[in-house]
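# Structure at a glance
Chain by chain, the residues:
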Amino acid sequence: MYKITIIIPHKNVPSLLQRCIDSIPNRDDIKIVIVDDNSDRNSVDFDNFPGKGRKNVFHVFSKEDLGGGGARNVGLRHAEGEWILFADSDDFFNKGLSDFIDEYTRSDADLIVFDTNSVLSDTLAPVENRENIVSMFKERYDENILRYCHHTVWGKMFRHEMIRKHKIQFQEVAASNDAFFAACAGVFAEKVKFCPDAVYCCTVRRGSICTRLTLDIVEARIFVVETVNRFLKENGISTKYWMNRLGPLFNLKGLSKRKFIAAFVMYFWQTPCLLYTSPSPRDRTRS
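Remember, predicted model here, so these are calculated numbers, not experimental data.

## Focus on helix α3 (residues 97–104)
Among the residues of α3, L97, F100, I101 and Y104 are the ones counted as buried. Around the axis of α3, the buried residues are gathered within 100° of arc, so they sit on the same side.

So this is what it looks like as structure tokens:
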């Protein structure tokens, strides 16, 4: 019945979730899975929860705090169809989504990467794009940039069978939970296709996890960088496509000098392997 499933984790922003749902065409071949991550009843009216009454919306209500990664993993268990899209509940899709689905779900690729734009969440005023990897790809036209340097799952469409075959899951961490999933998809996709249209709008919102710097968030980002780079190394991906750990490290400096020194020593201890940039056979065949 369904051609595509769109998975949306949610916590405490029902009006923004409703905006996201409204941006999705009401089509019989689209299934929307909303995973509510134990929202606060003071913030959400569960009797009038966004999407109720719309026949293609499926709700999962968690009684425990899953985090974004855990909520997305739950959503994957309820996914149907050939393709998977992900959206954050405070973002939304642009008007071209229906045309994009009609054209690119016929593709023989495993991973479709499309352009995005960014706005302020409350005013919708345009701001600098939160994702500059597509611009880098347009400058260099290096497919490996899309495969290994694009660390989000929004801005992409994934073949469902690839996810099932390789048992790709989200890391259940405090931040950057989608980077490892994105890296796995980049490695396992047999074919990648690029769509130049800005299909998705990523908003900038005060108080979101992307704008907060707490110790658990920064440590989670460092952990994610280490696991992603280890995975890329195990699969023979050149270090020039690895995640940069210096940004989270310097964020750590302002939160815990002791932990910053320990992490920085570890970084320099690993530096020799980071300097190796000779292309692997995989890079050569996909460049």
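## A few points about the nonpolar core
General note: in soluble globular proteins, nonpolar side chains tend to be found buried as a group. With 41 residues, the main nonpolar core has L76, F86, F158, F181 and L232 as its most contacted residues. The element best represented in this core is helix α7 (residues 179–188), accounting for six residues. Look past the residues within four positions of F181 in its chain and what remains in contact with it is L76, F86, V153, F158, I163, I168, Q169 and F170. In this structure, I24, F46, W83 and F100 belong to the second largest nonpolar core, which totals 31 residues.

## A closer look at unusual backbone geometry
With a phi close to 65°, N12 is a non-glycine residue in the positive phi region. Located in the positive-phi region is N38, a residue other than glycine, with phi close to 55°. Looking at the secondary structure, you find N38 in the loop between β2 (30–37) and β3 (57–62). Residue class for N38 comes out partly exposed when judged on its relative accessible area of 27%.

## Concerning the pairing of strand β8 (residues 192–204)
Where strand β5 (residues 92–93) and β8 come together, two bridges link them in antiparallel fashion. Its bridge partner being in β8, F93 is matched across the sheet by Y200. For strand β6 (residues 111–120) and β8, the ladder comprises 10 bridges, and the chain directions are parallel. Looking across to β8, one finds that D115 is bridged to A198.

## A word on the side chain of N177
Relative to the assigned elements, N177 resides in the loop between α6 (160–166) and α7. Among the polar contacts made by the side chain of N177, one reaches the side chain of R72 at a distance of 2.8 Å. In this structure N177 touches G68, G69, R72, F170 and Q171, once residues within four positions along its chain are discounted.

## What to know about the packing of helix α8 (residues 215–234) against helix α9 (residues 246–253)
The description of two helices packed together rests on the angle between their axes and the distance between the axes. Running from amino to carboxyl end, α8 crosses α9 at an angle of 155°, the nearest separation of the two axes being 9 Å. Comparing the axis directions of α8 and α9 gives the class roughly antiparallel. As α8 runs across α9, the sense of the crossing is left-handed. Contacts between α8 and α9 involve L215, V218, E219, R221 and I222 on the former and, on the latter, P248, L249, N251 and L252. Across the contact of α8 with α9, the residue classes tally to six nonpolar, one polar and two charged.

## A look at α7
Among the 10 residues that make up α7, eight are buried, leaving the element largely enclosed by the rest of the structure. Taken residue by residue, α7 has A179, F181, A182, A183, C184, A185, G186 and V187 as its buried positions.

## Some thoughts on the pattern of salt bridges
Tallied over the full model, the rule gives 14 salt bridges. The shortest N-O distance in the salt bridge between K31 and E80 comes to 2.7 Å. Of the two residues, K31 sits in strand β2 while E80 sits in the loop between α2 (67–77) and β4 (83–86), which places them 49 residues apart along the sequence. On the accessibility criterion, E80 (36% relative accessible area) is partly exposed. A salt bridge links R147 to E143; its shortest N-O distance comes to 2.8 Å. Taken together, the positions of R147 and E143, both in helix α5 (residues 143–148) and four residues apart, correspond to about one turn of that helix. By relative accessible area, which is 1% here, R147 ends up buried. Each member of the salt-bridge network shares a partner with another, and the members are K3, R27, D29 and D102.

The rules behind the values
Residues numbered from 1 in each chain as written. Predicted model: local features only at pLDDT ≥ 70, side-chain atom pairs only at ≥ 80, totals over all residues. Heavy atoms only, no water. Buried < 20%, exposed > 50% of the residue type's maximum accessible area, 1.4 Å probe, protein only. Helix = DSSP H or I, 4+ residues; strand = E, 2+ residues; numbered from the N terminus. Arc of directions from axis to C-beta. Core = buried A, V, L, I, M, F, W, Y, C linked by side-chain atoms within 4.5 Å. Contact = heavy atoms within 4.5 Å. Pairing = 2+ DSSP bridges. Polar contact = N/O pair within 3.5 Å; in protein donor to acceptor, adjacent residues only side chain to side chain. Axes fitted to C-alpha atoms, helices over the stretch in contact; angles between N-to-C directions. Parallel < 35°, antiparallel > 145°, perpendicular 65-115°, else oblique. Left-handed = near helix turned anticlockwise from the far one by under 90°. Nonpolar A, V, L, I, M, F, W, Y, C, P; charged D, E, K, R; others polar. Salt bridge = Lys/Arg side-chain N within 4 Å of Asp/Glu carboxyl O.

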